[in-house]
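Coordinate analysis (summary)
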Amino acid sequence: MVFIPHFSYLHSISYNLCREIVATYSIEAKKLGLRILELLSEGLGLGSGFFGDKLSESSLLSVNHYPPCPDPSLTLGVSRHCDPNLLTILHQGDAYGLQVFKDGEWIGVEPLHNAFVVNIGHQLQIISNNKLKSAEHRAVTNSRVARTTAAFFINPSDDCVIEPDKSLIDTNESPAYRPFQFKEFLLNYSSSMGNPEKCLEPFELHA
Ligand code: OGA
Ligand code: NI
């Protein structure tokens, strides 16, 4: 006798399994991100737990799928941007596609099996008064294989006020950014389509 499962039964198993995997992955990615933030905080001379609470209250798992493209010169997977958040833990899978802009050129970030890419987001750059730099990156397509990546974004809460921390403004420096609520940054980020210069502009202070 052949047992043919009812579609909705199959669907509910895969749905629950998916929920479980996403929940487990998210909990572990958050733990890893908070550990990295704690080390960054120590390196910057900020107190323990500095990035806890509202600065890292929210998170988002975004799964990107890039189908093979017959002519990769015609399109990008994701255009140039820096991540708008605090810190990103990116799992690239095994297919190449990520590039980072350094010293005027795009450099490929080859995937390492079981390794994550950690991106400093705009908010870390702002809080550190430009001591940490958010990395400009993009994803290219390829003509052979599909590529699926999982980006885990650690974000401040919407109403969290972001500003350069006073202890990170050197005596010969002034704050490079005005205080703002994170939701204000996100609004401007989407209207400037992630353009790395335009999305910082409204928050910059010029000495
Ligand atoms: C992103 C991103 C790159 C990739 O989601 O912000 O930069 O390789 N993704 O999918
Ligand atoms: Ni990104």
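Above this text you will find the structure in question.
The notes below deal with the structure included here. Not measured: the values here are computed from a predicted model.

To continue, consider the state of the cysteines. Working definition: the covalent bond between the sulfur atoms of two cysteines is a disulfide. A complete count under the given rule lists zero disulfides for this structure. Take C199: it sits in no disulfide, and the sulfur closest to it among the cysteines is that of C82, at 6.8 Å. For C199, a relative accessible area of 0% puts it in the buried group.

Another point: the coordination of the nickel ion (ligand 2). Donor atoms from the polypeptide that coordinate the nickel ion (ligand 2) comprise H81 (NE2), D83 (OD) and H137 (NE2), at 2.1 Å from the metal. We classify D83 as buried; its relative accessible area is 3%.

On to the site of ligand 1, then. Around ligand 1, the surrounding shell consists of N64, Y66, H81, D83, L90, L98, H137, R147, T149, A151 and F153. Contacts to ligand 1 include H81, whose side-chain N or O atom sits 3.1 Å from an oxygen atom. The side chain of R147 places a nitrogen or oxygen atom 2.9 Å from an oxygen atom of ligand 1. For ligand 1, whose unbound accessible area comes to 290 Å², protein coverage reaches 94%. Secondary-structure elements contributing two or more residues to the shell around ligand 1 are β1 (58-66) and β8 (147-155). Per-element accounting of the shell around ligand 1 gives the leading share, four residues, to β8. Residues that form the shell around ligand 1 fall into these classes: five nonpolar, four polar and two charged.

Take the sheet that holds strand β5 (residues 105-108) next. With antiparallel pairing, the four strands of this open sheet are ordered in space as β2-β7-β4-β5. On the outer flanks of this sheet lie β2 (76-81) and β5, each paired with one strand and no other. Across the sheet, the mean angle separating the axes of adjacent strands is 30° when strand polarity is ignored. When β2 meets strand β7 (residues 137-140), the two strands line up antiparallel, connected through three bridges. Its bridge partner lying in β7, L76 is registered against V140.

What follows covers the nonpolar core. F51, L124, I162 and F185 are the most contacted members of the largest nonpolar core, which has 28 residues in total. Among the elements of the structure, α1 (7-44), β3 (87-91), α2 (122-127), β8 and α3 (182-191) are those that each provide at least two residues to this core. Those residues in contact with I162 that lie beyond four places of it in its chain are L55, Q123, I126, I127, P156, R178, P179, F180 and F182. Judged by nonpolar contacts, the second largest core, of five residues, contains L90, L98, V117 and F153.

Right, let's get into the side chain of R138. Looking at where R138 falls in the secondary structure, it is placed in strand β7. Put simply, R138 is tucked away with no salt bridge, and the nearest opposite charge, on E136, sits 8.0 Å away. Among the polar contacts listed, one links the side chain of R138 to the side chain of Q99, at a separation of 2.8 Å. Ignoring anything within four residues of it in the chain, the contact list for R138 reads L76, V78, S79, R80, G97, L98, Q99 and W106.

Here is what the cut-offs are and how they apply
- Residues numbered from 1 in each chain as written.
- Chains lettered and ligands numbered in written order.
- Predicted model: local features only at pLDDT ≥ 70, side-chain atom pairs only at ≥ 80, totals over all residues.
- Heavy atoms only, no water.
- Disulfide = S-S within 2.5 Å.
- Buried < 20%, exposed > 50% of the residue type's maximum accessible area, 1.4 Å probe, protein only.
- Donors = N, O, S within 2.8 Å, 3.2 Å for Na, K, Ca; no water.
- Near = heavy atom within 4 Å.
- Polar contact = N/O pair within 3.5 Å; in protein donor to acceptor, adjacent residues only side chain to side chain.
- Areas by Shrake-Rupley, 256 points an atom, 1.4 Å probe, with all protein chains shown as cover.
- Helix = DSSP H or I, 4+ residues; strand = E, 2+ residues; numbered from the N terminus.
- Nonpolar A, V, L, I, M, F, W, Y, C, P; charged D, E, K, R; others polar.
- Pairing = 2+ DSSP bridges.
- Axes fitted to C-alpha atoms, helices over the stretch in contact; angles between N-to-C directions.
- Core = buried A, V, L, I, M, F, W, Y, C linked by side-chain atoms within 4.5 Å.
- Contact = heavy atoms within 4.5 Å.
- Lys, Arg positive; Asp, Glu negative; His and termini not counted.
- Salt bridge = Lys/Arg side-chain N within 4 Å of Asp/Glu carboxyl O.

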